[in-house]
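# Coordinate analysis (summary)
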Amino acid sequence: DPNEMLKSGAGTGANKEHRKRYGLMIVAQVGFALPVLVAAIVLLRAAWQSSNPEMLFRRYGYDARPMVSGSVPMMPGPPKPGQRRVIRSLTAATEIVDRALKSPGVVAAAATIFEPVADRMVTVDGPDGVIREEMAHQWGYRKVTSGYLRTVGLRVSQGRDFTEGEADGNAVILDHGSAMFLFKGANPIGRAIKFGKASSNQPWLRVVGVIADPRSREQVERADYTTGYRLGLVYRTFAAHDSIVADQALQSFGVIARARGSTDLVAARLQRALLARL
């Protein structure tokens with residue numbers, strides 16, 4: 001009983017046994033307090049980073065504060081055994097964007113889906129006319145609706161952005177780091193790449209633009225430790241003939257909306273608008 005220990009003079013040198021128990025209590029208190037203190041510091045740091053414009057800029061390269069992001073499942077609810085759903089990518093993505101733009105407080109919106117690269121390899125039609133394959137870990141790209149870059153605030157420094165109604169799916173935009181890696185400093189605009197081996201049946205895509213990343217290389221590397229081991233920010237438009245076979249509830253389209261006003265309120269409205277399509 002701590003009260004009895006204190007009454008008997010614990011910690012005053014009057015009783016060795018009580019002094020030993022008192023010391024153990026202090027060790028236990030400090031032991032329990034340290035994890036709580038560390039957790040509090042981590043929580044405060046995360047809260048500060050999530051609201052600090054400079055930290056957001058270092059992570060994304062643009063101001064992410066007035067934005068809302070989420071996902072729309074391709075197959076609502078757990079699929080039944082053998083259940084599959086064929087989805088026209090461009091049709092579904094366009095519908096998602098249209099619904100998002102009709103939601104109050106949304107000033108711009110885009111839909112996207114991540115696609116892995118076959119064999120983690122990209123084939124490049126080099127400026128010297130030599131076809132070569134480049135391989136790295138964790139390579140992938142994003143299929144996007146035409147307004148994606150404008151919605152998130154990424155600027156094209158070379159070439160052009162995607163155009164409205166560009167539905168052939170053969171246009172691709174690279175970030176500066178990926179362009180340097182694939183084309184070794186040569187001008188990539190108008191060059192062709194293929195997401196897969198040279199012998200694969202993947203289509204050739206034409207590079208139409210390069211994204212300007214206002215961050216330094218050091219800032220990019222601090223924000224993403226996989227830099228240098230993957231294809232960076234690489235985007236391709238949805239093609240009219242693209243289709244996806246959904247066979248699990250986890251597959252989903254991403255949606256990004258730039259908001260006016262409270263992002264919490266816009267997020268709630270956007271959720272209702274997008275759930276209505278399921």
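Rules of the game
Residue indices follow the written sequence of each chain, beginning from 1 at its first position. Local features are withheld for residues below a pLDDT of 70 in this predicted model, meaning they are given only at 70 or higher, and side-chain atom pairs are given and counted only at 80 or more; totals for whole chains, interfaces and linings count all residues. The basis for the side-chain values is all heavy atoms of the structure; hydrogens and waters are excluded. Counting from the N terminus, the helices are the DSSP runs of H or I reaching at least four residues and the strands are the DSSP runs of E reaching at least two. Each residue gets one of three labels from its accessible area relative to the maximum for its type: buried under 20%, exposed over 50%, partly exposed in between, using a 1.4 Å probe on protein chains only. Whether two residues are in contact is decided by their heavy atoms: any pair within 4.5 Å suffices. Centres within 6.5 Å make a pair out of two Phe, Tyr or Trp rings, where for Trp the six-membered ring is used; the pair is then stacked when the planes are under 30 degrees apart, edge-to-face when over 60, and tilted otherwise. Think of it as a cone above the ring: NZ of Lys or CZ of Arg counts as a charge over the ring if it is within 6 Å of the ring centre and within 35 degrees of the ring normal. Each cavity reported here is a set of points on a 1 Å grid over the protein atoms alone in which a 1.4 Å probe fits but cannot get out, each pocket an open set with protein on both sides within 12 Å along at least five of seven lines, and each lining residue one with an atom within 4 Å of a point. Grid points are joined across faces, edges and corners, and a volume is the space filled by probe spheres set on the points. Residues are sorted three ways: Asp, Glu, Lys and Arg are charged, Ala, Val, Leu, Ile, Met, Phe, Trp, Tyr, Cys and Pro are nonpolar, and all the rest, Gly among them, are polar. In this analysis, a patch consists of residues with relative accessible area above 30% that form no salt bridge, clustered at 9 Å for like charges and at 5 Å for the nonpolar side chains Val, Leu, Ile, Met, Phe, Trp and Tyr. Residue exposure ignores everything except the shown protein chains as possible cover, and the areas themselves are Shrake-Rupley values with a 1.4 Å probe. Salt bridges are counted wherever a side-chain nitrogen of Lys or Arg sits within 4 Å of a carboxyl oxygen of Asp or Glu.

As a further point, take the environment of Ala268. Mapped onto the fold, Ala268 is located in helix 8 (residues 263-275). Under the relative-accessibility criterion, Ala268 is labelled partly exposed at 29%. With 165 residues separating them in the primary sequence, Ala268 and Ser103 have C-alpha atoms 9.8 Å apart.

With that settled, consider the side chain of Ser103. Along the chain, Ser103 turns up in the loop between helix 4 (89-101) and strand 3 (106-116). Its relative accessible area of 6% is what places Ser103 among the buried residues. Contacts of Ser103, omitting those with residues within four sequence positions, involve Arg269, Leu270 and Ala273.

For the coordinates displayed, the defined rule picks out 3 aromatic pairs. Cation over ring: Lys184 sits above Phe181, and NZ or CZ is 4.9 Å from the ring centre.

A separate point is unusual backbone geometry. Glycine aside, negative phi is the norm for most residues, and most peptide bonds take the trans geometry. Within the chain, Lys184 stands out as a residue other than glycine whose phi angle is a positive 55 degrees. With a relative accessible area of 52%, Lys184 lands in the exposed category.

This brings us to the layout of surface pockets. The calculated volume of the second largest pocket comes to roughly 330 Å³. Around the second largest pocket, the lining is made up of 19 residues, and of these Val97, Thr145, Ser146, Gly147 and Glu164 lie nearest the centre. Put simply, the parts of the chain that give the lining of the second largest pocket at least two residues each are helix 4, strand 3 and helix 5 (148-152). For the lining of the second largest pocket, the residue count by class is 8 nonpolar, 7 polar and 4 charged.

A surface patch of nonpolar side chains, about 530 Å² in accessible area, is lined by Tyr22, Ile26, Val30, Leu34, Leu37 and Ile41. Position of Leu34 among the secondary structure elements: in helix 2 (residues 16-51).

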